[in-house]
Amino acid sequence: MPPTTRRLGHVEHVMGTVVSFDISADDSADVNADQRPIRIAIARAVSWLHRVDAVFSTYRDDSQISRLGRGEVSLAACDPDVAEVLDLCAQVGRETNGYFSSTYGGRLDPTGLVKGWSIQRASELLAAAGVARHCINGGGDVQAVGQPEPGRPWNVGVSHPLHPSGFAAVVPIEDGAVATSGTAERGAHVLDPFTGRPATTLASLTVVGRDLTRADAYATAGLAMGHAARGWLESLDGYEGFAVAADGTGWATSRFPATATVSA
Amino acid sequence: MRRAITALVATVVGLVLLLSFKTGSAKSSNRPVALSGATAGNDTGNDGADDSNSTSTPSPAPSSTGPTSSPNATAKAAGTQTITGSSVRVSEGFRTFGSVQVQVTLTNGKITKLVAVDYPNNDPQSSEISQYSIPVLTQEVLAAQGTKIDIVSGATYTSDAYAQSVQAALDKAKS
């Protein structure tokens with residue numbers, strides 16, 4: 001008899017949003033009676049996310065990123081993760097032709113990259129602990145590894161920004177990331193760095209790719225680009241995009257892996 | 001083979017049911033529209049000899065645009081096929097907007113892309129209908145297609161908004 005697949009979940013309020021863990025395990029092999037190894041791995045990943053929040057939160061005056069931004073502490077004195085994140089921000093800034101920026105309103109604010117980066121790291125922590133089939137959703141940004149059940153991928157529903165209880169597309173992924181930036185939940189909070197004005201052309205932009213660090217940052221940058229994001233995403237290797245515009249129309253790049261979508 | 005394709009196109013027509021169209025009146029924009037003739041796709045039980053009375057019969061023959069065989073899948077629908085369905089009339093209540101035509105791409109028998117190649121724009125009363133909206137896929141419709149949603153990607157929700165989210169409902173379903 002084949003082993004039955006069990007799904008374990010955990011929900012953590014952290015980084016101003018909610019992070020959902022979805023672990024798939026075979027009853028016979030991966031899960032012993034008290035699920036301890038998996039629960040320990042989740043606890044470590046959760047602890048990592050709280051540490052990221054403490055270091056990088058721009059809502060906390062005492063976070064390293066806030067103190068660095070005010071010039072009260074040097075980069076060398078910060079956690080090495082700060083330098084890594086700022087280096088990634090610089091790389092992504094170049095890759096997005098300047099549309100990704102690690103400042104917001106004149107303040108140092110790498111938030112547009114930190115969430116995706118930290119969720120990807122959390123996923124790597126789970127994988128290193130032997131949790132081979134899992135999916136982590138950080139407030140709408142998803143990193144998945146393996147399969148939820150033998151023979152099928154994780155089905156990521158892309159929330160329809162104009163009809164939040166429904167979906168605009170379904171993206172099947174194994175080992176991959178799906179990130180969506182949009183105006184639905186937090187309003188027009190993404191600014192076009194070249195005009196300083198809120199980006200409002202697209203209601204949401206979803207980017208699919210291998211790693212969530214870039215998928216998340218690219219989704220934010222692409223939202224600022226508006227419809228120009230389509231050509232830019234087409235020019236990238238390994239990243240595809242799907243947009244729903246504020247008027248309800250939309251588009252997908254030519255290799256966007258949706259199972260059910262409509263594109264113009 | 002042809003009947004299998006007809007059945008798939010019927011599924012697609014079912015999806016197109018969910019298309020909502022921008023109309024001249026703001027009140028009726030983004031409302032779902034009914035598709036007359038959608039039930040015509042339910043001819044999978046017929047013997048397939050006469051497809052001509054079905055409005056959703058694929059009109060042109062399938063055109064193959066990719067590898068047509070794979071070593072593991074000797075049977076039907078291996079490789080990539082693009083099929084264009086025939087035009088179907090679209091109406092909302094008593095209004096008729098025009099016709100819609102859908103092109104579906106199948107990879108190894110699964111829908112990989114769905115494109116509306118024609119959409120209502122020929123009704124003078126709804127001349128502003130020049131673009132169609134991204135359809136709303138409900139969990140019910142997806143379940144009917146055999147797609148189970150595991151996770152939801154969307155604009156970052158706040159802790160408070162999470163409680164109302166589809167993701168929260170999915171999380172509750174797990175241990």
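Computed from a predicted structure; not experimentally measured. (Residues numbered from 1 in each chain as written. Chains lettered and ligands numbered in written order. Predicted model: local features only at pLDDT ≥ 70, side-chain atom pairs only at ≥ 80, totals over all residues. Heavy atoms only, no water.)

K.L.:
What is the right way to look at the overall build of chain B in this model?
P.N.:
Helix and strand content of chain B: four helices and seven strands. Along chain B, from the amino end to the carboxyl end, the secondary structure elements read α-β-β-β-β-β-β-α-β-α-α. Sorting the 175 residues of chain B into buried and exposed places 46% on the buried side. Within chain B, counting contacts between residues at least 6 apart in sequence, those at least 24 apart form 51% of the total. Within the structure as shown, chain B displays about 8,800 Å² of accessible surface, and the carbon and sulfur contribution to it stands at 53%. (Helix = DSSP H or I, 4+ residues; strand = E, 2+ residues; numbered from the N terminus. Buried < 20%, exposed > 50% of the residue type's maximum accessible area, 1.4 Å probe, protein only. Contact = heavy atoms within 4.5 Å. Areas by Shrake-Rupley, 256 points an atom, 1.4 Å probe, with all protein chains shown as cover.)

K.L.:
How should I be thinking about the side chain of S204 of chain A in this particular structure?
P.N.:
Residue and element names in this part refer to chain A. Structurally, S204 is set in strand β10 (residues 202-209). Residue S204 is classed as buried on the basis of its relative accessible area of 3%. Apart from residues no more than four positions distant in its own chain, S204 is found in contact with P161, T180, S181, G182, L223, F242, A243 and V244.

K.L.:
What am I meant to see in the environment of G154 of chain B here?
P.N.:
Tracing the backbone through its elements, the reader meets G154 of chain B in the loop between β7 (151-153) and α3 (159-162). According to the relative accessible area criterion, G154 of chain B is buried, its value standing at 9%. Here the alpha-carbon distance between G154 of chain B and Q167 of chain B, two residues 13 residues apart in the chain, equals 9.7 Å. Setting aside its immediate chain neighbours within four residues, G154 of chain B contacts G139, G140, S159 and T180 of chain A.

K.L.:
Got a minute to help me understand the pairing of strand β11 (residues 239-245) of chain A in this structure?
P.N.:
The side chains of a regular strand alternate, first on one face of the sheet and then on the other. Residues and elements named next belong to chain A. Of all seven residues that make up β11, seven are buried, and the element is covered over most of its length. Of the two faces of β11, the one lined by Y239, G241, A243 and A245 and the one lined by E240, F242 and V244 are each fully buried. By the bridge criterion, three bridges tie β11 to strand β12 (residues 250-252) in an arrangement that is antiparallel. Within the sheet, the bridge partner assigned to A243 lies in β12 and is W251. As consecutive antiparallel partners, β11 and β12 are separated by four residues, and within that stretch G248 has a phi angle of approximately 90°, a positive value. (Pairing = 2+ DSSP bridges.)

K.L.:
What am I meant to see in the pattern of salt bridges here?
P.N.:
Pairing of side chains with opposite charge becomes possible as their charged atoms draw close. Taken as a whole and judged by the stated rule, the model has 14 salt bridges over all chains. Here R152 of chain A ties to E149 of chain A by a salt bridge, and the two come within 3.3 Å at their closest N and O atoms. Judged by relative accessible area, which is 31%, E149 of chain A ranks as partly exposed. Salt bridges linked by common partners bring R7, D22, E149 and R152 of chain A together with K148 and D150 of chain B together as one network. (Salt bridge = Lys/Arg side-chain N within 4 Å of Asp/Glu carboxyl O.)

K.L.:
For this particular structure, what's the right way to read the sheet that holds strand β2 (residues 17-26) of chain A?
P.N.:
Sheet strands pair by backbone hydrogen bonding; their relative direction is either parallel or antiparallel. Residues and elements named next belong to chain A. In space, the eight strands of this open sheet follow the order β1-β2-β5-β6-β9-β10-β11-β12, with antiparallel pairing throughout. Here the strands that pair on one side only, and so sit at the sheet edges, are β1 (5-14) and β12. Direction aside, the axes of adjacent strands within the sheet are offset by 10° on average. Taken together, the seven bridges between β10 and β11 define a ladder with antiparallel strand orientation. (Axes fitted to C-alpha atoms, helices over the stretch in contact; angles between N-to-C directions.)

K.L.:
Quick question: what am I supposed to make of the side chain of R214 of chain A here?
P.N.:
Note that R214 of chain A resides in helix α5 (residues 212-225). R214 of chain A has contacts with L88, Q91, V92, E95 and Y239 of chain A, leaving out every residue within four places of it along the chain.

K.L.:
I tried to follow the packing of aromatic side chains on my own but got confused; where do I start?
P.N.:
The relative placement of two aromatic rings is captured by the distance of their centres and the angle of their planes. Residue and element names in this part refer to chain A. Throughout the structure, instances matching the rule amount to five aromatic pairs over all chains. Geometrically, the ring pair formed by Y218 and Y239 is edge-to-face, given 5.0 Å between the ring centres and 75° between the ring planes. Taken together, the residues Y218 in helix α5 and Y239 in strand β11 connect sequence positions 21 residues apart. Comparing Y218 with Y239 shows no difference in burial state: the two are buried. Every member of this aromatic cluster is reached through a ring pair, and the members are W48, F56 and W117. (Phe/Tyr/Trp six-rings, centres within 6.5 Å; stacked < 30°, edge-to-face > 60°.)

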